[in-house]
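Remarks on the overall topology
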Amino acid sequence: MANKAQVGPLSEGYERMLMMAENAPLLASMAAGGVDGKPPALNGLRHKSPERGYDTAGFGHKMTKAEHNSGFINGKRIEDFKPVDLMEMFRKDQEKVMIGLKKNLRSMGIDHSKWTRRKLEAAFDIQYNVKGGIKTYPKFVKALDAGDWKTAQAESGRFYTVDGEKKPMQGRMDL
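To keep things clear, this report deals only with the structure shown in the data block. The shown structure was predicted, so the numbers you read here are calculated from the model rather than taken from an experiment.

For the rest of this paragraph, the subject is the pattern of salt bridges. Within this structure, the stated rule accounts for 8 salt bridges. Residue Asp85 pairs with Lys76 through a salt bridge whose shortest N-O separation is 3.1 Å. What makes Asp85 buried here is its relative accessible area of 14%. The partly exposed category is assigned to Lys76, whose relative accessible area is 34%. Across the salt bridge formed by Asp80 and Arg77, the nearest N and O atoms sit 3.1 Å from each other.

A few words on the nonpolar core. Ranked by internal contacts, the top residues of the largest apolar core, which has 38 residues, are Phe59, Leu101, Phe124, Ile134 and Phe140. Mapped by element, the contributors of at least two residues to this core are helix H1 (12-31), helix H3 (83-107), helix H4 (117-129) and helix H5 (138-146). Beyond its immediate stretch of four places on either side in the chain, Phe140 contacts Ala122, Ala123, Ile126, Ile134, Ala152, Glu155 and Ser156.

Sheet topology places strand E8 (residues 159-162) next to strand E9 (residues 165-168); 4 bridges connect them, and they run antiparallel. Paired with Tyr160 across the two strands is Lys167, which belongs to E9. Connecting E8 to the antiparallel partner E9 that follows it, the hairpin turn spans 2 residues, and Asp163 within it adopts a positive phi of roughly 50 degrees.

A word on the packing of H4 against H5. Taken N-terminus to C-terminus, the directions of H4 and H5 make an angle of 170 degrees; their axes are 10 Å apart at the nearest point. It follows that H4 is roughly antiparallel to H5 by the angle criterion. The segment H4 lies against H5, with Lys119, Ala122, Ala123 and Ile126 engaging Phe140, Leu144 and Asp145. Class assignment of the residues belonging to the contact of H4 with H5 gives a composition of 5 nonpolar, no polar and 2 charged.

Between H1 and H3, whose axes approach to 13 Å, the crossing angle comes to 160 degrees. Judged by the angle between their axes, H1 and H3 are roughly antiparallel. Here H1 runs over H3; the crossing is right-handed. Touching Glu15, Leu18, Met19, Leu26 and Met30 of H1 are Pro83, Leu86, Met87, Phe90, Arg91 and Gln94, all from H3.

We now examine the side chain of Ser49. With respect to the element layout, Ser49 can be found in the loop between strand E3 (46-47) and strand E4 (56-57). A polar contact of 2.9 Å, which involves the side chain of Ser49, links it to the backbone oxygen of Tyr54. A polar side-chain atom of Ser49 sits 2.9 Å from a polar atom in the side chain of Lys62. In contact with Ser49, other than residues within four places in its own chain, are Tyr54, Asp55, Thr56 and Lys62.

To continue, consider H3. Helix length check: H3 (25 residues) gives 36 Å between terminal C-alpha atoms against 36 Å at 1.5 Å per residue, within 8%. Following H3 by one or two positions, Gly109 adopts a phi angle in the positive range, close to 80 degrees.

So, on to the packing of aromatic side chains. Per the counting criterion, the structure on display carries 5 aromatic pairs. Ring geometry for Phe124 versus Tyr128: centroids 5.6 Å apart, planes at 25 degrees, classification stacked. Of this pair, Phe124 and Tyr128 both sit in helix H4, 4 residues apart, which is roughly one turn of the helix. Among the residues examined, Phe124 registers a relative accessible area of 0% and is labelled buried. Tyr128 sits in the buried class, given a relative accessible area of 12%.

What counts, and where the lines are drawn
Going along each chain's sequence as written, the residues are numbered from 1 onward. Only residues with pLDDT of 70 or above have their local features reported here, since the model is predicted, and side-chain atom pairs are shown and tallied only from 80 upward, although totals for entire chains, interfaces and linings are computed over all residues. Side-chain measures were taken over the full set of non-hydrogen atoms in the model, leaving aside hydrogen atoms and water. For this document, the term salt bridge refers to a Lys or Arg side-chain nitrogen within 4 Å of an Asp or Glu carboxyl oxygen. Only protein chains enter the accessibility calculation, which uses a 1.4 Å probe. A residue is then buried if its area is under 20% of the maximum for its type, exposed if over 50%, and partly exposed in between. Definition of nonpolar core: a set of buried residues of the types Ala, Val, Leu, Ile, Met, Phe, Trp, Tyr and Cys, connected through side-chain atoms within 4.5 Å. For helices the rule is a DSSP run of H or I covering at least 4 residues; for strands it is a run of E covering at least 2, with both sets numbered from the N terminus onward. In what follows, a contact means two residues having at least one pair of non-hydrogen atoms within 4.5 Å. When DSSP locates at least two bridges between a pair of strands, those strands are taken to pair. Axis geometry follows a simple rule: fit a line to the C-alpha atoms, using only the stretch in contact for helices, then measure angles between N-to-C directions, giving values from 0 to 180 degrees. For classification purposes, an angle smaller than 35 degrees is called roughly parallel, one larger than 145 roughly antiparallel, one from 65 to 115 roughly perpendicular, and anything else oblique. Ten residues, namely Ala, Val, Leu, Ile, Met, Phe, Trp, Tyr, Cys and Pro, are considered nonpolar, four, namely Asp, Glu, Lys and Arg, are considered charged, and the remaining ones, Gly among them, are considered polar. The sense of a crossing depends on the near helix, which, turned anticlockwise from the far helix by less than a right angle, makes the crossing left-handed and, turned clockwise, makes it right-handed. Definition of a polar contact: a pair of N or O atoms within 3.5 Å, with one able to donate and the other able to accept a hydrogen when the atoms are protein atoms, and with sequence-neighbouring residues admitted only if both atoms are side-chain atoms. A helix's residues, less one, multiplied by 1.5 Å, set its expected span. Whether two aromatic rings pair depends on their centres lying within 6.5 Å, for rings of Phe, Tyr and Trp, where Trp uses its six-membered ring; planes under 30 degrees apart make the pair stacked, over 60 edge-to-face, and the rest tilted.

Encoded structure:
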């Protein structure tokens, strides 16, 4: 079986899964097509974050205070974003997350340079999705580094807290 194409730092299949996990309505809206590459409505372009705080834009871009208050990201009004703008923002976010992931792994004494793409993407998912990143999952990282997928899966649960209540990110974990 051929390897999936790589787009940005991630494989095409993983990137699509990440887009679905972060914002399935927006992904469906983009697939609908439209005039000049912009569907009639990009559903979920900007939405409230379940963990509260500042809004999320596109596919998991947690907005800064300035972005949230101004409605602009990278000098462009969020409402004017086209699919190409969303993908550019998404890929820039991926690059930043990958840099942070590799830095965190090195600080944990992990030589990720020998890791398979699958291991890197498993760690990336937590780095992308969890406050504090991969450093907050030392048992997961150790299991991943050893190739112990059973333990890695058991240690990969993701949760967020609202009003002191811990809630599982079940949809994301299922994907």
